[in-house]
Amino acid sequence: MATERGLFCGVRRNNAIGSLFTIAFLIFFSSFLALSFLFIGRGPLTPSSIVLADKDESSTDSRGQVIDVSKVSTEDFGPPNVKVLKKNNLSASWKFVGKESTADNVNSSEQLRGKRRENHTVDSVKQDYDVTVKLENEPIQRSKSVDSAVLGKYSLWRKQNENENSDSNVRTIQDQMIMARVYISLAITKKQLDLVHELQNRLRDSQRSLGEATTDAHLHRSAPEMMKAMDLVLSKARERLYSCKLVTEKLRAMLQSADEQVRTLKKQSTFLSQLAAKTIPNGLHCLSMRLTIDYYLLPPKNRKFPRSENLENPNLYHYALFSDNVLAASVVVNSTIMNAKDPEKHVFHLVTDKLNFGAMNMWFLLNPPGKATIHVENVDEFKWLNSSYCPVLRQLESAAMKEYYFKAAEGSSNLKYRNPKYLSMLNHLRFYLPQVYPKLDKILFLDDDIVVQKDLTGLWAVNLNGNVNGAVETCGESFHRFDKYLNFSNPHIAQNFDPNACGWAYGMNIFDLKVWKKKDITGIYHKWQNMNEDRVLWKLGTLPPGLMTFYGLTHPLQKSWHVLGLGYNPSVNQSEIQTAAVIHYNGNMKPWLELAMTTYRAYWTKYINYGHPYIRNCKLSE
């Protein structure tokens with residue numbers, strides 16, 4: 001062999017006089033070392049560990065030609081090791097097995113390797129399964145031991161905080177009902193009708209027990225027993241039906257269905273609230289009709305209010321109130337006077353339409369505001385307010401505007417635009433205050449859906465710093481800013497206004513009429529209103545044109561002067577309401593409507609005398 005020849009030549013070069021005995025010894029010693037290495041590195045060679053290579057990989061010859069051999073060995077750690085050796089490199093001590101035995105051993109080694117992999121996979125799956133079963137069994141065991149648990153704090157599907165004041169029983173029952181519906185659906189698919197019947201019975205019991213309750217205090221006394229019974233049934237259903245995949249799919253389907261229902265109900269709610277907001281309750285209609293009839297039965301000399309000399313006295317406190325709602329106007333006047341320090345110095349300028357002119361006059365003739373001055377006018381008698389002078393009046397009379405307001409389909413986005421207030425000139429009269437009251441220097445504008453809770457005379461002393469309008473700002477982090485009201489894709493808007501400018505509220509505004517005239521505020525309003533004939537700058541209302549008209553001319557007042565949101569926001573801070581000078585029921589939930597929020601309605605009703613004959617006869621009640 002080459003190694004032997006190399007060693008021999010090396011010895012001969014180093015020692016020319018070596019003997020044949022030395023050479024034989026070196027050959028024997030090198031063979032011994034090779035065999036020892038194989039025994040130590042791979043273990044002893046046996047017939048089972050030496051196999052001939054497959055026919056494709058080797059050639060065998062009975063005459064001793066070169067034969068490829070596959071050596072397969074296995075260790076305790078690691079995959080089988082296969083090596084191919086040449087026969088002419090092997091010593092004479094190696095034993096060869098026939099082809100058939102070789103093929104069998106190769107197949108055996110492949111099977112052994114596959115079996116080891118399979119065992120490893122089974123062990124991994126078994127470990128995962130054991131962990132999953134343990135996690136699933138824990139809530140089952142808690143469910144079975146519910147008798148010893150503290151009722152109202154246990155929930156299999158929702159983790160509750162340990163809070164004695166939380167309504168955990170209500171939430172637990174609601175969770176149980178959800179899971180009962182899931183298991184009913186699964187039981188039906190698996191045809192376990194006995195379980196379906198039992199779950200349905202417990203579901204009906206839970207529904208009766210819950211009723212309309214939203215707190216634990218309102219639950220039926222049988223609720224704890226119902227909860228325990230439902231827990232046991234759900235535990236049984238879980239043991240027989242539970243599948244994480246199926247339960248997840250069912251809950252997802254229920255969530256999607258609930259989401260669709262919520263969207264549908266939201267559309268219906270929007271439509272109905274808009275419809276209710278623009279309707280007149282029977283009681284208010286009755287009150288207006290009765291007052292109107294009695295007013296026109298009065299002799300003309302009895303239809304006049306006292307103290308008319310105060311109407312143009314700039315040294316008094318003047319209020320502008322534009323309304324077609326008798327009861328709402330009476331609350332504004334009554335609440336203002338009852339909280340005023342010097343009622344005799346207050347003058348109320350009421351403007352209404354011809355339909356309610358008689359009723360408004362009759363009410364305040366029968367119920368004068370103490371020593372304060374009041375005067376009622378009819379907007380239809382303002383001859384200067386015509387379509388040739390007033391752009392919005394011309395637009396409201398156009399065929400396109402009538403189609404926009406009156407031909408909207410139910411549920412369409414412009415349904416809210418069809419509220420009559422957007423078609424009434426009473427809503428737009430606020431832009432003509434100097435024309436209505438030319439002799440006054442300052443005036444406080446009030447909406448008819450507000451309640452006054454404090455003396456307001458301090459507003460006349462506020463320094464507006466050369467501005468026209470004093471108002472409370474309404475912007476927050478990202479809402480009630482100009483970009484919410486105006487179309488900034490229009491270049492006229494984008495070039496003249498800041499989209500992040502802070503919005504402010506109508507409802508209680510102190511106006512400096514001297515500066516108004518100097519700045520020609522009405523002319524600015526006309527310019528923007530003419531440009532919006534096709535509603536490309538803003539869609540509806542008087543607030544967007546107000547923001548544009550008084551842009552850079554509005555002085556921010558302290559927020560305590562005017563608190564808003566009582567007509568749409570159920571979470572207005574109570575302390576802010578208590579300390580506010582004026583509270584505003586802006587939104588659809590007006591206090592005179594049945595859909596008013598009961599939490600805030602008492603602030604309004606306390607200024608109404610429900611024992612008044614007219615109110616009692618029209619069946620208006622708290």
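Residues numbered from 1 in each chain as written. Predicted model: local features only at pLDDT ≥ 70, side-chain atom pairs only at ≥ 80, totals over all residues. Heavy atoms only, no water.

### A word on the nonpolar core
Note on soluble globular proteins: their nonpolar side chains tend to be buried together. For clarity, the cut-off: Only buried residues count toward a nonpolar core, which is a set of Ala, Val, Leu, Ile, Met, Phe, Trp, Tyr and Cys residues joined through side-chain atoms within 4.5 Å. Classification of residues uses two cut-offs on accessible area relative to the type maximum, computed with a 1.4 Å probe and protein chains only: under 20% is buried, over 50% is exposed, and between them is partly exposed. Contacts were defined at the residue level, with two residues in contact if any of their heavy atoms lie within 4.5 Å.
Grouped together as the largest cluster of nonpolar side chains are 63 residues, with contacts concentrated most on Leu350, Leu444, Leu456, Leu459 and Trp604. In this view, Leu444 contacts His318, Tyr319, Ala320, Leu456, Leu459, Trp460, Met508, Asn509 and Ile510; residues no more than four positions away in its chain are not counted. Counting residues in each nonpolar core, the second largest holds 46 residues, with Tyr437, Leu440, Ile521 and Tyr525 among its members.

### Thoughts on the pairing of strand S4 (residues 317-322)
The cut-off we apply is this: In this description a helix means any DSSP run of H or I spanning at least four residues, a strand means any run of E spanning at least two, and both kinds are numbered starting from the N terminus. Note on pairing: DSSP must find at least two bridges between two strands before they are called paired. Looking down the strands as they point away from you, a crossover is right-handed if its path from the first strand over the helix to the second goes clockwise.
When you tally the buried positions in S4, you get 5 out of 6 residues, the bulk of the element. Judged from the 6 bridges that link them, S4 and strand S5 (residues 346-352) form a sheet pairing that is parallel. Residue Tyr319 lies in a different strand from S5, and its bridge partner there is Phe348. Handedness of the crossover joining S4 and S5 through helix H9 (residues 326-338): right-handed. Relative to strand S7 (residues 442-446), S4 runs parallel, the two being bridged by 3 bridges. Directly across from Tyr319, in S7, lies its bridge partner Leu444.

### Structural notes on helix H18 (residues 521-531)
Regarding H18, the residues found buried are Ile521, Thr522, Tyr525, His526, Trp528 and Gln529. Those residues of H18 that are buried lie in contact with helix H11 (391-396), helix H13 (425-428), helix H14 (433-436), helix H16 (491-496), helix H17 (513-519) and helix H19 (543-549).

### Focus on helix H8 (residues 282-296)
Note the threshold: Here the expected length of a helix is defined as 1.5 Å per residue gap, with one fewer gap than residues. Directions drawn from the helix axis to the C-beta atoms are what define this arc.
Look at H8: 22 Å from first C-alpha to last across 15 residues, which is about the 21 Å you get at 1.5 Å a residue. The set of residues buried in H8 consists of Gly283, Leu284, Leu287, Ser288, Leu291, Thr292 and Tyr295. Buried positions in H8, seen along its axis, are confined to an arc of 160° and lie on one side of it. Of the exposed residues in H8, those oriented more than 90 degrees away from the buried face are Asn282 and Ile293. If you follow the buried residues of H8, they end up packed against H9, helix H10 (357-366) and helix H22 (613-617).

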